[in-house]
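# Summary of structural features
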Amino acid sequence: MAALQSLDPNTPLFAQFQERTGPVVLANTFVVPKERTEAFLALFRRQAEFMKAQPGFVSLRMHKGTAGSRLLMNVAVWESTEALATAVGNPEFQRMAAEFPDDIVSYPHVFERIDA
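Residues numbered from 1 in each chain as written. Predicted model: local features only at pLDDT ≥ 70, side-chain atom pairs only at ≥ 80, totals over all residues. Heavy atoms only, no water.

Next up on the list: the nonpolar core. Most often, soluble globular proteins keep nonpolar side chains buried together rather than apart. Counting residues in hydrophobic clusters, the biggest one holds 17 residues, and the most contacted among them are F17, M51, W78, L84, V88, F93 and V110. For this core, the secondary-structure elements that each account for two or more residues are β2 (24-31), α2 (37-52), β4 (71-78), α3 (81-89) and α4 (91-97). A per-element tally of this core places α3 first, with four residues. Setting aside residues up to four positions removed in sequence, F93 forms contacts with Q47, F50, M51, A87 and V88. With eleven residues, the next largest nonpolar core counts F40, L41, A48 and L72 among its residues. (Core = buried A, V, L, I, M, F, W, Y, C linked by side-chain atoms within 4.5 Å. Buried < 20%, exposed > 50% of the residue type's maximum accessible area, 1.4 Å probe, protein only. Helix = DSSP H or I, 4+ residues; strand = E, 2+ residues; numbered from the N terminus. Contact = heavy atoms within 4.5 Å.)

With that settled, the discussion passes to the packing of aromatic side chains. This model, assessed by the stated rule, comprises six aromatic pairs. Note on F30 and F44: the rings are 6.4 Å apart at their centroids and 70° apart in plane angle, and the pair reads as edge-to-face. Here F44 lies in helix α2 and F30 lies in strand β2, a separation of 14 residues in the sequence. One aromatic cluster in this structure is built from F30, F40, F44 and F100. (Phe/Tyr/Trp six-rings, centres within 6.5 Å; stacked < 30°, edge-to-face > 60°.)

Moving on: unusual backbone geometry. A negative phi angle is the norm for most residues apart from glycine, just as the trans form is the norm for most peptide bonds. With an omega of -5°, the peptide bond between G22 and P23 qualifies as cis. Even without a glycine there, the phi angle at A67 is positive, about 60°. As for its position among the elements, A67 is in the loop between β3 (57-64) and β4. For A67, a relative accessible area of 83% corresponds to the exposed category.

Moving on, we get to the pattern of salt bridges. One pass over the full model with this rule turns up six salt bridges. Measuring nitrogen to oxygen at the nearest pair gives 2.7 Å for the salt bridge that ties R95 to E92. Of the two residues, R95 and E92 both sit in helix α4, three residues apart, roughly one turn of that helix. Judged by relative accessible area, which is 42%, R95 ranks as partly exposed. (Salt bridge = Lys/Arg side-chain N within 4 Å of Asp/Glu carboxyl O.)

Before going further, it helps to spend a moment on α3. Along α3, the residues that are buried comprise T81, A83, L84, A87 and V88. Viewed along the axis of α3, the buried residues span an arc of 160°, placing them on a single side of the element. Looking at the packing, one finds that the buried side of α3 touches α1 (13-16), β2, α2, β4, α4 and β5 (105-111). (Arc of directions from axis to C-beta.)

Structure representation (structure tokens):
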């Protein structure tokens, strides 16, 4: 299973799920060894298809770092933290998440939109 790290140590992902708000954006940055990129993306696409069918899902985009970076970043919009937490807690999603190799690191964080 990929190592799950907090982008902000003061607000771990599961604490963020406790705040009832929405819509929210899940930004999840992955550090992926270059030789695992294609296999990672294949598994991610399977997860994405599952998530797209979940209640409260709005949209999803994967981004790749430039200049040979090992970073990939998923940006997913959900109607609420509750919908996101329910989808992430689904046993089928958890089963797929466990398939990621241990040398992949994930930095998920939930954001709210603010007007600038």
